[in-house]
Amino acid sequence: MKQLFINIKELLQVRENKVDKLSGTEMKELPTIKNAWLLIEDDKIADYGEMDSLPEINADKTIDAEGKIILPSWCDSHTHIVYAGNRELEFADRINGLSYEEIANRGGGILNSAKTLQETSEEEVYQQSAKRLEEVMKLGTGAVEIKSGYGLTEEGELKMLRVIKKLQKNYELPIKATFLGAHAIPKEYKEKPDAYMDLVIEKILPKVAEENLAEYIDIFCEKGYFSVADTHKLLSAAKKFGLKPKIHVNQFNAIGGIQAGIEHDALSVDHLEVMRPEDIESLKGTSTMPVALPSCSLFLSIPYTPAREMLDSGLPLALATDFNPGSTPSGNMNLVVSLACIKMKMTPEEAINAATINGAYAMELSETHGSITKGKKANFILTKEIPSYTFLPYAFGTNSIESVFINGKMIE
Ligand SMILES: N=CN[C@@H](CCC(=O)O)C(=O)O
Ligand SMILES: [Zn+2]
């Protein structure tokens with residue numbers, strides 16, 4: 001099946017040669033073709049060019065995209081989309097003055113979601129999560145990573161990962177699964193946190209590997225959660241099972257999580273709201289992608305990742321949502337791109353690069369996703385009629401998307 005899009009106002013992120021990631025000043029450039037055509041053959045991008053040189057093409061369907069922009073779909077490399085229930089009461093508590101930390105110390109936070117998850121059937125968790133996944137796909141997400149981490153027992157963690165597996169089976173977009181058993185210390189283990197680490201490493205991790213339920217390993221390396229020593233221990237154990245690290249670090253405190261991640265060749269280090277000069281320095285020259293989650297900063301009123309400083313010192317950066325019930329109950333990548341521009345002073349070009357090609361890298365998908373390149377998957381966004389691509393982050397809160405295509409199919 002051949003679909004031809006013609007009169008496209010601007011085709012964004014056109015990369016003739018495949019790039020895996022962009023760093024520093026490279027991120028300032030967003031290659032585009034104005035007044036373009038795009039040919040999709042089955043699930044792949046077949047060809048593109050300027051309207052002036054449109055060859056004779058026998059297409060099954062021709063779509064006139066006059067006044068509209070086409071760009072690769074968003075690659076959201078950090079989410080917790082699989083969860084049960086919500087935490088809107090904690091939201092009200094925070095408005096009334098309690099901090100995220102105080103709520104967690106009272107047994108709220110991640111432990112609250114873990115209790116709900118444990119009490120909810122696998123089928124019900126699947127239904128709730130599938131609804132969220134469909135919502136974010138309509139908002140332009142065409143590849144996504146999903147973590148466990150609200151189970152915190154063998155049964156709960158495996159339940160979450162099986163739900164992710166079912167989503168992978170039932171939906172066409174790529175979904176990468178991450179095992180985050182070390183997300184918080186359960187109440188029963190408060191006085192013996194090492195015993196919980198032993199459970200995660202010795203019991204749950206081998207099961208996850210045996211059932212092939214995850215590709216990546218994650219840990220919340222943070223004061224009051226898991227230490228740098230825990231991080232080393234878990235990442236070393238996970239390596240034996242072939243799980244690569246994508247870890248939560250530097251959200252509230254810089255305790256050395258970035259350096260631990262780098263030592264274990266982490267694919268990404270995520271959050272980074274609190275960055276010391278030595279953290280930026282350590283990331284230089286590594287293959288680890290730093291990932292910023294600005295909608296988490298917005299929701300918790302915590303600092304934003306210092307993107308400007310990082311990009312100006314030559315680092316790459318990816319943007320993701322962190323969609324979860326506690327710190328970011330939103331999976332809207334359009335908002336993330338707007339916040340990156342408004343709050344982190346990234347240019348629209350940098351933000352779009354960070355949310356497409358660099359997001360793909362943080363899920364090992366740069367070969368197939370993240371840019372308009374011949375042979376890559378036909379996962380893209382067709383906007384409504386808009387004046388320019390800068391309008392996308394500028395008009396925050398406006399839905400500028402007309403339709404989303406995954407593997408060449410328009411999603412309903
Ligand atoms: N920081 C750790 N984990 C999640 C929040 C989890 C929660 O509050 O439920 C995050 O990435 O923000
Ligand atoms: Zn997270």
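Residues numbered from 1 in each chain as written. Chains lettered and ligands numbered in written order. Predicted model: local features only at pLDDT ≥ 70, side-chain atom pairs only at ≥ 80, totals over all residues. Heavy atoms only, no water.

The condition that has to hold: UniProt positions are given in the numbering used here, feature names are shortened, and annotations may be inferred rather than shown by experiment.
Looking at an unreviewed UniProt entry, one finds the chain named Imidazolonepropionase, with Salegentibacter agarivorans as its source organism. The Catalytic activity (unreviewed entry) comment attached to the chain in UniProt states, word for word, "4-imidazolone-5-propanoate + H2O = N-formimidoyl-L-glutamate". UniProt, in its Function (unreviewed entry) section for the chain, records the words "Catalyzes the hydrolytic cleavage of the carbon-nitrogen bond in imidazolone-5-propanoate to yield N-formimidoyl-L-glutamate. It is the third step in the universal histidine degradation pathway."

## Things to note about the overall build of the chain
We count it as follows: The secondary structure listing takes helices from DSSP runs of H or I that are at least 4 residues long and strands from runs of E that are at least 2 residues long, numbered from the N terminus. What the globule rule says is 2.2 Å times the number of residues to the power 0.38, and the radius of gyration is computed from C-alpha atoms. Here the term buried applies to any residue with accessible area under 20% of the maximum for its type, exposed to any over 50%, and partly exposed to those in between, with areas from a 1.4 Å probe on protein chains only. Note on definitions: a residue-residue contact is assigned when non-hydrogen atoms from the two residues lie within 4.5 Å. Only the protein chains shown count as cover for residues, and all accessible areas are computed by the Shrake-Rupley method using a 1.4 Å probe. Counted as positive: Lys and Arg. Counted as negative: Asp and Glu, with His and the chain ends omitted from the count. To locate a charge, the coordinates of NZ of Lys, CZ of Arg, CG of Asp or CD of Glu are taken.
Within the chain, the secondary structure is distributed over 15 helices and 16 strands. Computed over its C-alpha atoms, the radius of gyration of the chain comes to 21 Å, within 12% of the 22 Å expected for a compact globule of 412 residues. The dimensions of the chain, computed from C-alpha atoms along their principal axes, are 70 × 45 × 45 Å. Every one of the 412 residues in the chain was classed for burial, and the buried ones make up 59%. In the chain, the proportion of contacts linking residues at least 24 apart, taken out of those at least 6 apart, comes to 73%. Looking at the chain as shown, the accessible area adds up to about 16300 Å², and 49% of this sits on carbon and sulfur atoms. Considering the chain, the positive charge centre built from 45 side chains and the negative charge centre built from 60 side chains are found 2 Å apart.

## Describing the site of ligand 1
For clarity, the threshold we go by: Proximity is defined per residue: any heavy atom of the residue falling within 4 Å of a molecule or strand makes that residue near it. Identification of polar contacts relies on pairs of N or O atoms within 3.5 Å, with a donor-acceptor requirement for protein atoms, meaning one able to donate a hydrogen and the other able to accept it, and with residues adjacent in sequence counted only if both atoms are side-chain atoms. For each structure, a 1 Å grid was placed over the protein atoms alone; sets of points admitting a 1.4 Å probe that cannot get out are labelled cavities, open sets with protein on both sides within 12 Å along at least five of seven lines are labelled pockets, and lining residues have an atom within 4 Å of a point. Each molecule is checked against the cavity or pocket grid, and it sits inside if more than half of its atoms lie within 2 Å of the grid points. Note that Gly is not counted as nonpolar here; it falls among the polar residues with everything else outside the nonpolar set of Ala, Val, Leu, Ile, Met, Phe, Trp, Tyr, Cys and Pro and the charged set of Asp, Glu, Lys and Arg.
By nearness alone, 15 residues border ligand 1, and Tyr100, Tyr150, His183, Gln251 and Ser327 come closest of all. One of the side-chain nitrogen or oxygen atoms of Tyr100 is found 2.4 Å away from an oxygen atom of ligand 1. Asp322 is positioned such that a nitrogen or oxygen atom in its side chain is 2.8 Å from an oxygen atom of ligand 1. Coverage of ligand 1 by the protein amounts to 100% of the 330 Å² it exposes when considered alone. A molecule is said to occupy a pocket when more than half its atoms come within 2 Å of that pocket's grid points, and by this definition ligand 1 occupies the largest cavity. Here the shell around ligand 1 is built from residues that sort into 4 nonpolar, 9 polar and 2 charged.

## Points about the coordination of the zinc ion (ligand 2)
The condition is simple: Coordinating N, O and S atoms are those within 2.8 Å of the metal (3.2 Å for Na, K and Ca), and as water is not part of the atoms, a site may appear to have fewer donors than expected.
In this structure, His78 (NE2), His80 (NE2), His248 (NE2) and Asp322 (OD) serve as the protein donors to the zinc ion (ligand 2), at separations of 2.0 to 2.2 Å. Mapped onto the sequence, the donors of the zinc ion (ligand 2) take the spacing H-x1-H-x167-H-x73-D. Highlighted residues: His78 in the loop between β6 (74-76) and α1 (88-95) and His248 in strand β10 (residues 244-249), separated in sequence by 170 residues. Here His248 falls in the buried class, since its relative accessible area comes to 3%.

## Focus on empty space enclosed by the protein
Basically, it comes down to this: Grid points are joined across faces, edges and corners, and a volume is the space filled by probe spheres set on the points.
This model, assessed by the stated rule, comprises 1 cavity of 30 Å³ or more. Taken as a whole, the largest cavity holds about 100 Å³ of empty space. Along the walls of the largest cavity sit 14 residues, with Tyr100, Ile110, His183, Asn324 and Ser327 positioned nearest its centre. Across the lining of the largest cavity, the residue classes break down as 4 nonpolar, 8 polar and 2 charged.

## Some points on unusual backbone geometry
Positive phi outside glycine occurs at Asn212, with the angle close to 55°. With respect to the element layout, Asn212 can be found in the loop between α6 (193-210) and β9 (216-221). Phi at Ser301 takes a positive value of approximately 50°, unusual for a residue other than glycine. Within the element layout of this structure, Ser301 appears in the loop between α10 (294-300) and α11 (307-312). Taking relative accessible area as the criterion, Ser301 reaches 66% and is therefore assigned exposed.

## Re the environment of Ala237
For Ala237, the position within the fold is in helix α7 (residues 228-240). On the basis of relative accessibility, which here comes to 12%, the residue Ala237 falls in the buried class. When the C-alpha positions of Ala237 and Leu205 are compared, they lie 8.4 Å apart, and in sequence the two are 32 residues distant. With sequence-adjacent residues up to four places away left out, Ala237 is seen in contact with Ile201 and Leu205.

## Concerning the packing of α6 against α7
For any two helices packed against each other, one specifies the crossing angle of their axes together with the interaxial distance. Stated formally: Only C-alpha atoms enter the line fits that serve as axes; for helices the fit covers just the stretch in contact. Angles between N-to-C directions range over 0 to 180 degrees. Note that the term roughly parallel is reserved for angles under 35 degrees, roughly antiparallel for angles over 145, roughly perpendicular for angles of 65 to 115, and oblique for everything else.
Two elements in contact, α6 and α7, have axes separated by 11 Å at closest approach and are oriented at 10°. With respect to α7, the element α6 is oriented roughly parallel. For the pair formed by α6 and α7, the contact residues are Asp194, Met197, Asp198, Val200, Ile201 and Leu205 on the first element and Asp230, Lys233, Leu234, Ala237 and Ala238 on the second. Its residues assigned to classes, the contact of α6 with α7 shows 7 nonpolar, no polar and 4 charged.

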